[in-house]
Amino acid sequence: TNEHPRSLSPVETRDQRFIDRCRSEYPLHRFERSAPVMRRLRAVKSEIEIGLIKTACKITEDTFRRLLAFIKPAVWEFEIEAEIFREFLRRRSRGPAFDPIIASGDNSCVLHYIRNDKKLKSRDSVLIDFGAEYAGYAADVTRTVPANGRFSKRKKEVYLSVLAVQRAAVEMLRPGISLLEYQDQVGQVMEEELVRLKLLRLKDIKSQDRDRPLYKKYFMHGASHHLGLDVHDVADKYGKLEKGMVLTCEPGIYIPEEGFGVRLENDILVTEDKPVDLTASIPIEPDEIETLMNGS
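Residues numbered from 1 in each chain as written. Predicted model: local features only at pLDDT ≥ 70, side-chain atom pairs only at ≥ 80, totals over all residues. Heavy atoms only, no water.

Notes on the overall build of the protein
- Looking only at helices and strands, the protein features 8 helices and 11 strands.
- Whereas a compact globule of 296 residues would reach a radius of gyration of roughly 19 Å, the protein reaches 21 Å, a difference of no more than 12%.
- C-alpha atoms of the protein, sized along the principal axes, occupy 70 × 55 × 40 Å.
- Taking all 296 residues of the protein together, the buried fraction comes to 50%.
- Of all intrachain contacts in the protein linking residues separated by at least 6 positions in sequence, the fraction that spans at least 24 positions is 69%. (Helix = DSSP H or I, 4+ residues; strand = E, 2+ residues; numbered from the N terminus. Rg over C-alpha atoms; globule rule 2.2 N^0.38 Å. Buried < 20%, exposed > 50% of the residue type's maximum accessible area, 1.4 Å probe, protein only. Contact = heavy atoms within 4.5 Å.)

Below, the structure written as structure tokens:
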């Protein structure tokens, strides 16, 4: 059975009809669901699987570096998407592991924006969420860059806050923590940054409903998800992280009233010791991004 949390099957599937027929024709047999077994097997990656994910990440890095030289005002979002397809295929990827998100301006506040049909304006930020598929395994990377090659003061301030949250969050991805505990801890770091950005007030945080934290106004999605054969790979969200698991780390701050959002996403391998960033070589420092975009 397909027990992925994102799977919706309002109509009875062929698999379910087969299951029902087996139960009817062989009532003395004991049937077990394979999904819980597969969930455990898929969550912890072998060395071969990790190697394939690393290759997907490297293809994604090479593509991003090409994009930095390509992005400029008046380019269309779909042209950036076309460059992604070109480079992925040229580098022996089967293509994107999921529909790329190329979101400029206000669209960068839309979490799953895939229309990719707007022309970049000079003052726009461009949020690019994409990843190559290689031998069935996915990479998942997000970067936010300035269309004109230079971050404004405010956008750089928000960018650095997201980067600070991400770096703190990566250090939390260690064996023994659950994703629920992890999300709560990342939220506390995010609160500090949102106060610093003057988006939240400390006194309001102290009196907030802990079941409805105020930071979710600006950071409304999960900080991480499992990665593997699927970009949102199956796993037990209530279980503890283990050595060999690969997860994304993707905090973001979205400010619709200011017309932009920033998300940064890297792919992290959980080890017995310090987490290993499989995408550490993909440019993320704002100064490096500006340098690469301006050819200097």
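Overview of the sheet that holds strand S6 (residues 141-146)
- Here we have 3 strands laid out as an open sheet, ordered S2-S3-S6, and antiparallel in their pairing. Among the strands making up the open sheet, the edge pair consists of strand S2 (101-104) and S6. Ignoring strand direction, the axes of neighbouring strands in this sheet form an average angle of 15°.
- Where S2 and strand S3 (residues 125-130) come together, 4 bridges link them in antiparallel fashion. Bridge pairing in S3 links Ile101 to Asp129. (Pairing = 2+ DSSP bridges. Axes fitted to C-alpha atoms, helices over the stretch in contact; angles between N-to-C directions.)

Some points on the sheet that holds strand S7 (residues 246-249)
- Strand order in the open sheet formed by 3 strands is S7-S10-S11, with antiparallel pairing between adjacent strands. Lying at the two open borders of the sheet, with one neighbouring strand each, are S7 and strand S11 (276-277).
- Relative to S11, strand S10 (residues 266-269) runs antiparallel, the two being bridged by 2 bridges. Bridged to Ile268 within S11 is Asp277.

Considering the layout of surface pockets
- By volume, the largest pocket amounts to about 1,000 Å³.
- Arg6, Gly222, Ser224, His225 and His232 are, among the 33 residues lining the largest pocket, the residues nearest its centre.
- Grouping the amino acids of the lining of the largest pocket by side-chain chemistry returns 13 nonpolar, 9 polar and 11 charged.
- In this structure, the second largest pocket occupies an estimated 230 Å³ of space.
- As for the second largest pocket, its lining consists of Thr1, Gln16, Phe18, Ile19, Cys22, Arg23, Phe31, Glu32, Arg33 and Ser34.
- Residues that form the lining of the second largest pocket fall into these classes: 4 nonpolar, 3 polar and 3 charged. (1 Å grid on protein atoms, 1.4 Å probe; cavity = no way out; pocket = protein on both sides within 12 Å on 5 of 7 lines; lining within 4 Å. Points joined across faces, edges and corners; volume = space filled by probe spheres on them. Nonpolar A, V, L, I, M, F, W, Y, C, P; charged D, E, K, R; others polar.)

Worth remembering: the numbers are spatial, not functional.
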